[in-house]
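# Observations on chain architecture
Here is how the chains run, residue by residue.
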Amino acid sequence: MLELYESQRAMRAMRKAAMQRGVVAILDVGSSKIACLVLRFDGSDLADETAMPMAGQAGFRVIGAATTRSRGVRFGEIEMMAETERAIRTAVQAAQKMANIRVDHVIACFSGADPRSYGLVGETGLEGHVVTEQDVSRVLSACDVPDFGQDREVLHAQPVNFALDHRSGLADPRGQMGQTLATDMHLLTVDASAVQNLSHCVRRCDLELAGIYSSAYAAGYAALVEDEQELGAACIDMGGGSTGLSIFIKKHMIYADAVRLGGDHVTSDISMGLQVPMGVAERIKTFYGGVVATGMDDREMIDIGGDTGDWEHDRRSVSRTELIGIMRPRVEEIFEEVRAKLDAAGFDHLPSQQIVLTGAASQIPGLDGLASRILGQQVRLGRPLRVQGLPQAATGPGFASAVGLSLFAAHPQDEWWDFELPVDTYPARSLKRVVRWFRDNW
Amino acid sequence: MQPLSKQPTTAKRIQKSDPAPSRWAYRFERLMLTPVFRKAMRIGLPFSVSLLLGLAYFADEARRESFNMALIDVRDDFQNRPEFMVNLMAVDGASTAIAEEIRAVVPLDFPLSSFELDLEDIRNNVAELAAVKKATVRIRTGGVLQIDVTERQPIAIWRTYEGIELVDNAGVAFRALPSRMSRPDLPLIAGEGAAKHLPEAMQLIRTATPLHKRMRGLARMGERRWDIVLDRGQRIMLPEKNPVQALQRVMALNSARDLLKRDVAAVDMRLAKRVTIRLNEDAVKQRWKARATEAEIQE
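Residues numbered from 1 in each chain as written. Chains lettered and ligands numbered in written order. Predicted model: local features only at pLDDT ≥ 70, side-chain atom pairs only at ≥ 80, totals over all residues.

## Topic: the overall build of chain B
Counting secondary structure elements, chain B contains eight helices and 14 strands. In chain B, the share of contacts with a sequence separation of at least 24, taken over all contacts with a separation of at least 6, comes to 46%. (Helix = DSSP H or I, 4+ residues; strand = E, 2+ residues; numbered from the N terminus. Contact = placed C-beta atoms within 7 Å.)

In structure tokens:
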């Protein structure tokens, strides 16, 4: 756990350095596209209060944005390092060119790698009567960490709730009187190899990693409005290769998971069903796709085209109903998987059960109607928050996680490694080592 | 009837090149986006290259020499253009003698370029001449060095132990005279510091207009007061303060009693309350005689 603490601390220091430089890049490594935003921090944290309460999106400005087709990424995990590295390079270079400035620090997110959530509980007696920062540190390290396996890495570890004696629901217990302090921590782990691959790719592009986030978390932060985050809501980030879901309550993420199905599977279904290449299938999906068939759709014929040279083959056409008939079962399957994950997480016990669909695949017409049949009544389509300087082309739901990352870049939520280590866990050897070093060298 | 040779198929897709930049292209682009590097390329590099070339060129003595020569040639060519040449000097407002003096003071070999003339220096030289009150020097169109001179106008003659000089209204003695008779039209003043109080002297002379025929001049006595010297050795001794009023009193006395036509040696006005008259020796004897007869008659 200590190495994790150190490495995450190092990333935090990177982020701070980037803030000092004033420029940081946001990299959303998805299965179908790689988006890169370049942010400039201008220190205008107290932006004009007249417009509206700036929900954390003040203090920075997007000065460069670029997307490129993703290569070598499947199910939100990097599969071909060289290809992905080239794709990242393309996106970063285009965004740099638009921003006309060089960026050295990058905050990245990815959606796959089998995220798993753990709820941790820690309890400790106070040293004095008043809760100090050291007490908070001690209770955080008192959490009993489950055995999540050697090949897993902690992506997020956030104290969600503090309880002092029998008073629960404290956001900041410091300075309060009590006997025992307890905390609930949310721990999110992913496959270590995915994180290593990503950081390796980023390093190959001469960039420094200033943070890694789960894209479900970032998308939820950007797409959920403030009261949804407060009262409890689930955000379903429907990407190309995987569908992430994150549950928020009291402004904290308490659960995150991912389904290894996404828009690319719908496309490949169309490709197989209509016997067309993937590119054509993608085009048909985006232009004519849908999930609810009506009588009108029987008459709407779609030219499929082709360039085999066979006249009959090249002039096929299908009705839109057929297309919907191909797409709908796959979308239903995605939602059923999501439903299963939500049920496993105990989403139906939350006071509010708002579900927000975001991500590029949530743009299928009629999706919210289908989702409300499977997931529950309170479903809406979410778009990310508007941030300063974001180009119009990058304001769609597909950029929710990129926007969420920008918000985190400006105002990160407290993680376990943002707190000080408790004094007694400092390795006692270090002082001895210092003494020995002096003796050896002087 | 179709040609059997292979037709270029238009349907054939042009293979799109990889949009990803190569590793080195990416690094180069990033380097070019670095502000310091970009500034160095835009300003530092041209500057240092030109500096280096310049230094290399001028490292050779002969080149440096020739460069300087070329610079001087260009400058001389420019200065010696006909529109900048000055061909003659004109002196206006001075009498012939003073003009001669000015030409002696400003020795110039015409034609000259106007860049070589220091007009301020010339003006100072001319203005240093005693007979010149004011001088303006300028270069007129047509290449003429124009010197406009205002001469000093003499208003009096000042006699000192050294000789006789002309004095202008500022009290500056500017020219020696061979004799008093060469300028009989000007009044004469004499004595130490007389020229410093010239305005007062001139006022006195104006007041004494009726006596002009008889007046020999004004003498400054002890550097504090004036005496008017008339012919026959007569003197009007004026006080330090208000000499003009005192003189007016004398003039009034003269016009009423013909005072100065009598055998009076001096009219002493130094005590304002009492006019004192000194008679000549003969007149005194005459007076005594007259008094004696008057006494006899009364007895």
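## With respect to the overall build of chain A
Helix and strand counts for chain A come out as 14 helices and 18 strands. Buried residues in chain A amount to 45% of all 442 residues. (Buried ≥ 20, exposed ≤ 12 C-beta atoms within 10 Å, placed from the backbone.)

## Comments concerning the sheet that holds strand β11 (residues 208-214) of chain A
Residue and element names in this part refer to chain A. With respect to topology, five strands assemble into an open sheet ordered β3-β2-β1-β6-β11, the strand pairing being mixed. Each of the sheet's edge strands pairs with one partner strand only, and the pair in question is β3 (60-69) and β11. The sheet shows a mean angle of 20° between the axes of neighbouring strands, taken without regard to direction. Relative to strand β6 (residues 105-110), strand β1 (residues 23-29) runs parallel, the two being bridged by five bridges. (Pairing = 2+ DSSP bridges. Axes fitted to C-alpha atoms, helices over the stretch in contact; angles between N-to-C directions.)

## Focus: the nonpolar core
The biggest cluster of nonpolar side chains holds 123 residues, and the ones touching the most others in it are Ala-25, Cys-36, Leu-37 and Ala-108 of chain A. Of all the elements, helix α11 (residues 320-345) of chain A adds the most residues to this core, at nine residues. Both domains that furnish three or more residues to this core are identified here as domain 1 (116-189) and domain 2 (266-321) of chain A. Beyond its immediate stretch of four places on either side in the chain, Ala-25 of chain A contacts Cys-36, Leu-37, Val-38, Val-92, Ala-95, Val-103, His-105 and Val-106 of chain A. In this structure, Ala-195, Ile-205, Ile-228 and Ala-246 of chain B belong to the second largest nonpolar core, which totals 29 residues. (Core = buried A, V, L, I, M, F, W, Y, C linked by C-beta atoms within 7 Å. Domains from an automatic or database assignment.)

## Details of the environment of Tyr-161 of chain B
Residue and element names in this part refer to chain B. Position of Tyr-161 among the secondary structure elements: in the loop between β6 (154-159) and β7 (164-168). By C-beta crowding, Tyr-161 is classed as exposed, having 6 other C-beta atoms within 10 Å. Along the sequence, Tyr-161 and Gly-191 sit 30 residues apart, while their C-alpha atoms lie 8.5 Å from each other.

## Examining the interface of chain B and chain A
Interfaces are often sized by the amount of accessible area the parts lose when they come together. If you look at the interface, chain B gives ten residues, while chain A gives twelve residues. Here the residues of the side of chain B that touches chain A are counted per class, giving six nonpolar, one polar and three charged. (Nonpolar A, V, L, I, M, F, W, Y, C, P; charged D, E, K, R; others polar.)

## Remarks on the pairing of strand β12 (residues 233-238) of chain A
Two faces, one strand: in a regular strand the side chains alternate between the faces of the sheet. Residues and elements named next belong to chain A. Among the six residues that make up β12, six are buried, leaving the element largely enclosed by the rest of the structure. What you see with β12 is no split at all: Ala-233, Cys-235 and Asp-237 on one side and Ala-234, Ile-236 and Met-238 on the other are buried throughout. Where β12 and strand β13 (residues 243-249) come together, six bridges link them in antiparallel fashion. When the bridges of β13 are listed, Ile-236 appears paired with Leu-245. The turn joining β12 and β13, which pair antiparallel and follow one another in sequence, is formed by four residues. Where β12 and strand β17 (residues 354-358) come together, five bridges link them in parallel fashion. By the bridge assignment, Ala-234 is partnered in β17 with Ile-355.

## Some details on helix α13 (residues 400-410) of chain A
Burial of α13 of chain A is extensive: ten of the eleven residues sit out of reach of the surface. Turning to α13 of chain A, its buried residues are Ala-400, Ser-401, Ala-402, Val-403, Gly-404, Leu-405, Ser-406, Leu-407, Phe-408 and Ala-409 of chain A.

## Side note on the packing of helix α7 (residues 263-274) of chain A against helix α8 (residues 278-288) of chain A
Residues and elements named next belong to chain A. Relative to each other, α7 and α8 sit at 110°, their axes nearing to 8 Å. Our classification of the angle between α7 and α8 gives roughly perpendicular. Considering how the two elements wind past one another, α7 and α8 form a crossing that is right-handed. Across from Val-266, Thr-267, Ser-268, Ile-270, Ser-271 and Leu-274 in α7, the residues of α8 making contact are Met-278, Ala-281, Glu-282, Ile-284 and Lys-285. Per-class residue counts for the contact of α7 with α8 are six nonpolar, three polar and two charged. (Parallel < 35°, antiparallel > 145°, perpendicular 65-115°, else oblique. Left-handed = near helix turned anticlockwise from the far one by under 90°.)

## Focus on the packing of helix α2 (residues 81-99) of chain A against helix α1 (residues 23-33) of chain B
Their axes nearest at 11 Å, the elements α2 of chain A and α1 of chain B cross at an angle of 25°. The angle between α2 of chain A and α1 of chain B falls in the class roughly parallel. As α2 of chain A runs across α1 of chain B, the sense of the crossing is left-handed. Each of Arg-89, Gln-93 and Gln-96 of chain A in α2 of chain A lies in contact with α1 of chain B, whose residues at this interface are Tyr-26, Glu-29, Arg-30 and Leu-33 of chain B. Looking at the contact of α2 of chain A with α1 of chain B, its residues break down into two nonpolar, two polar and three charged.

## Some remarks on the pairing of β7 of chain B
Residues and elements named next belong to chain B. Taken across its five residues, β7 has four buried, putting it largely inside the fold. For β6 and β7, the ladder comprises five bridges, and the chain directions are antiparallel. Pairing of Trp-158 across the sheet is with Glu-165, part of β7. Linking β6 back to β7 in an antiparallel pair, the connection comprises four residues. The hairpin turn running from β7 into strand β8 (residues 173-177), its antiparallel successor, is four residues long, and Gly-171 in that turn takes a positive phi close to 85°.

## Looking at the sheet that holds strand β4 (residues 132-140) of chain B
To summarise the sheet geometry, strands pair through backbone hydrogen bonds and adopt either a parallel or an antiparallel arrangement. All names here are of chain B. Pairing within the open sheet is mixed, and its three strands lie in the order β2-β5-β4. Of all the strands in the sheet, just β2 (88-92) and β4 have a single pairing partner and so form its edges. Strand after strand, the sheet turns through a mean of 20° between neighbouring axes, direction not considered. Note: β2 against strand β5 (residues 144-151), five bridges, orientation parallel.

## Regarding unusual backbone geometry
Residues and elements named next belong to chain A. Positive phi outside glycine occurs at Asp-165, with the angle close to 55°. The class for Asp-165 is partly exposed, based on 13 C-beta atoms found within 10 Å. Of note, the phi angle at Gln-275 is positive, near 60°, even though the residue is not glycine. Looking at the secondary structure, you find Gln-275 in the loop between α7 and α8.

## Notes on the confidence of the model for chain B
Confidence in the prediction of chain B, expressed as mean pLDDT, is 85, and 94% of residues score 70 or more. Both scores are available for the predicted complex, with the pTM at 0.65 and the ipTM at 0.70. (pLDDT = per-residue confidence, 0-100.)

## Focus on the confidence of the model for chain A
Chain-level pLDDT for chain A is 85 on average; 94% of the residues reach the 70-or-more range. Below pLDDT 50 for its whole length, residues 46-53 of chain A participates in two contacts with residues either more than four positions away or in separate chains.

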